[in-house]
There are 2 protein chains.
Amino acid sequence: MSAAENQALKKVLHEHELKATSQRIALLKLLDGTSEHFDAEEIYLELRQRQKNVSRATVYRSLETLVDQNLVTKLDFGDGRMRYERSQGEDEHHDHLICERCGKVIEFFNLEMEAQQLFVCEEHDFVPSNHTMHIFGTCSDCHTLKANPEAETPSQ
Amino acid sequence: MSAAENQALKKVLHEHELKATSQRIALLKLLDGTSEHFDAEEIYLELRQRQKNVSRATVYRSLETLVDQNLVTKLDFGDGRMRYERSQGEDEHHDHLICERCGKVIEFFNLEMEAQQLFVCEEHDFVPSNHTMHIFGTCSDCHTLKANPEAETPSQ
DNA sequence: ACGAAAATAAGACTGATTCTCATTTACACA
DNA sequence: TGTGTAAATGAGAATCAGTCTTATTTTCGT
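Residues numbered from 1 in each chain as written. Chains lettered and ligands numbered in written order. Predicted model: local features only at pLDDT ≥ 70, side-chain atom pairs only at ≥ 80, totals over all residues. Heavy atoms only, no water.

### Focus: the protein's contact with DNA strand D
Around DNA strand D lies a shell of 21 residues, among which A:Thr21, A:Ser55, A:Thr58, B:His14 and B:Met82 are the nearest. The contact in question runs from a base oxygen of DNA strand D to an N or O atom on the side chain of B:Lys19, over 3.4 Å. Mapped by element, the contributors of at least two residues to the surface near DNA strand D are helix H2 (22-32) and helix H4 (56-68) of chain A together with helix H4 (56-68) of chain B. Among the residues making up the surface near DNA strand D, the classes are represented as 7 nonpolar, 8 polar and 6 charged. (Near = heavy atom within 4 Å. Polar contact = N/O pair within 3.5 Å; in protein donor to acceptor, adjacent residues only side chain to side chain. Helix = DSSP H or I, 4+ residues; strand = E, 2+ residues; numbered from the N terminus. Nonpolar A, V, L, I, M, F, W, Y, C, P; charged D, E, K, R; others polar.)

See the structure below:
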């Protein structure tokens, strides 16, 4: 209920020429308060949980609006629903390791890789706007536990 | 209608312990004959066009079966539908530059980038199985034409 | 050629997301 | 501090890619 936080978020929204609706503020507050990657439905349910009245449609629309303004980043982990996180600064971009067994997502940043990407773009006279790099596999925890009689990758 | 090609594809399917149905053969033939990245609906329509009788369900199921057998590769360009291409050899993996204006997809391979990926995985004690790297932006053609105000290329 | 197992066709179903439109809200300005 | 208006929202219908169900057909070993 921090009024100060509300005020700050209101300002952020106004700076992006967006109306500071209670729904948008609640949404940003939620994403600010976690490092998890929620999908739209989880965000919707959590906001209802918090007694915010908001509809699914608004969650989707607001997320899109915020993504357009680079206040939120949309992530595609390839499992049929999009995840969202509060955008870090442009310089704080990161990529993802995604465990196919437990679904854990590990963030990483590798400068050399970013450099190579720019190199590739130049080679092809391509002007990049953004990119996604997802490495799928098995995380530390999961392959340690692999002594279990579980079979191969379920592959979705 | 090359009977030889049919025979070859039949053999490929049998080698993977799959029944050589006319639908699967037609599907592989289609993907073999193009370098484009079709989505399931396009494949379905194209097969109908070619007088192959095949249902949408079969297109989806067969694609999944072929992907499981590594005969076909499934690509996620983040626009809500999957694309498919005939698998290259394991060593012929490539990543993608995706033009946000015209939808063109340029394939590339960068050894240094692949090496960095392995390095990142080791750092996190993560065992990779595969990865996707998509760089979105504007291709050469499109940003050259960008001075041209009437060249809108929708191409969903 | 025969039959069991596998594959298919058609369309119902699902789950995520988008759209529609009547109603409500934010906020610039009087 | 009210008010008009454009923007945003709520509720649910619609859409869209993809999956599932079931009766029917096909493949392929024998």
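On we go.
### Focus: the protein's contact with DNA strand C
Looking at DNA strand C, there are 20 residues lining it, with A:His14, A:Tyr60, B:Thr21, B:Ser55 and B:Thr58 nearest. Of everything in DNA strand C that lies within 4 Å of the protein, sugar and phosphate atoms constitute 72%. At 2.4 Å, a side-chain N or O of A:His14 approaches a phosphate oxygen of DNA strand C. B:Ser55 places a polar main-chain atom, nitrogen or oxygen, 2.8 Å from a phosphate oxygen of DNA strand C. For the surface near DNA strand C, the secondary structure elements donating two or more residues are H4 of chain A together with helix H2 (22-32) and H4 of chain B. Per element, the largest residue contribution to the surface near DNA strand C is 4 residues, and it comes from H4(B). Considering only residue class, the surface near DNA strand C consists of 6 nonpolar, 8 polar and 6 charged.

### Concerning the pairing of strand E4 (residues 95-99) of chain A
Across a regular strand the side chains alternate sides, sitting on one face of the sheet and then on the other. Residue and element names in this part refer to chain A. Across the 5 residues of E4, 5 count as buried, placing the element largely inside the fold. Along E4, one buried face is formed by Asp95, Leu97 and Cys99 and the opposite face, lined by His96 and Ile98, is buried too. As paired strands, E4 and strand E5 (residues 105-108) are joined by 4 bridges and run antiparallel to one another. In the sheet register, His96 faces E5, and the bridge partner there is Glu107. The antiparallel pairing of E4 with E5 creates a hairpin that spans 5 residues between the two strands, and Gly103 there sits at a positive phi of about 80°. Across 4 bridges, the pairing between E4 and strand E6 (residues 127-138) is parallel. (Buried < 20%, exposed > 50% of the residue type's maximum accessible area, 1.4 Å probe, protein only. Pairing = 2+ DSSP bridges.)

### Focus: the domain arrangement of chain A
Residues and elements named next belong to chain A. Partitioning chain A into structural domains gives domain 1 (3-86) and domain 2 (90-147). With centres defined by C-alpha atoms, the gap from domain 1 to domain 2 works out at 24 Å. Each side of the interface is counted separately: domain 1 has 5 residues, and domain 2 has 7 residues. Summed over both partners, the interface of domain 1 with domain 2 buries about 490 Å², with 61% contributed by carbon and sulfur atoms. Looking at the side of domain 1 facing domain 2, the largest losses of area belong to His37, Phe77 and Glu85, adding up to 72% of the total buried there. One can count 0 salt bridges joining domain 1 with domain 2. Taken together, the links from domain 1 to domain 2 amount to 3 residue pairs in polar contact (both at pLDDT 80 or more). Residues of the side of domain 1 that touches domain 2, tallied by class, amount to 2 nonpolar, 1 polar and 2 charged. (Domains from an automatic or database assignment. Contact = heavy atoms within 4.5 Å. Buried area = accessible area lost by both parts, 1.4 Å probe. Salt bridge = Lys/Arg side-chain N within 4 Å of Asp/Glu carboxyl O.)

### Considerations on the sheet that holds strand E2 (residues 72-76) of chain A
Residues and elements named next belong to chain A. Spatially, 3 strands are ordered E1-E3-E2 in an open sheet, and the strand pairing comes out antiparallel. Looking along the sheet, the strands with just one partner apiece sit at the ends: strand E1 (38-39) and E2. Against the sheet, H2 contacts E1, E2 and strand E3 (82-86), and its axis sits at roughly 85° relative to E3. (Axes fitted to C-alpha atoms, helices over the stretch in contact; angles between N-to-C directions.)

### Quick notes on the nonpolar core
Ranked by size, the top nonpolar core spans 24 residues in total, and within it A:Leu97, A:Phe126, B:Leu97 and B:Phe126 carry the most contacts. Residues in contact with B:Leu97, not counting those within four places in the same chain, are A:Val120, A:Cys121, A:His124, A:Phe126, B:Lys104, B:Val105, B:Ile106, B:Phe108 and B:Ile135. (Core = buried A, V, L, I, M, F, W, Y, C linked by side-chain atoms within 4.5 Å.)

### Examining the relation of the copies chain B and chain A
Taken as rigid bodies, chain B and chain A are interconverted by a rotation of 178° and an axial shift of 0.1 Å, the fit giving an RMSD of 0.4 Å. Considering both components of the superposition, the chain copies are consistent with a two-fold axis. Within chain B, B:Met133 has its C-alpha nearest the rotation axis, a separation of 2.1 Å. Most of the interface of chain B is mirrored in chain A, where 97% of its interface residues again form contacts. (Least-squares fit on C-alpha atoms with pLDDT ≥ 70 in both.)

### Looking at the environment of B:Leu97
As for its position among the elements, B:Leu97 is in strand E4 (residues 95-99). Remark: the alpha-carbon pair of B:Leu97 and B:Phe126, spanning 29 residues in sequence, is separated by 26 Å.

### A closer look at the packing of H2(A) against H4(A)
Residue and element names in this part refer to chain A. Orientation of H2 relative to H4, taken along the N-to-C sense of each, is 70°, at an axis distance of 10 Å. Taken together, H2 and H4 sit at an angle that is classed as roughly perpendicular. Facing H2, whose interface residues are Gln23, Arg24, Leu27, Leu28 and Leu31, H4 presents Thr58, Val59, Ser62, Leu63, Thr65 and Leu66. Classifying every residue of the contact of H2 with H4 by side-chain character gives 6 nonpolar, 4 polar and 1 charged. (Parallel < 35°, antiparallel > 145°, perpendicular 65-115°, else oblique.)

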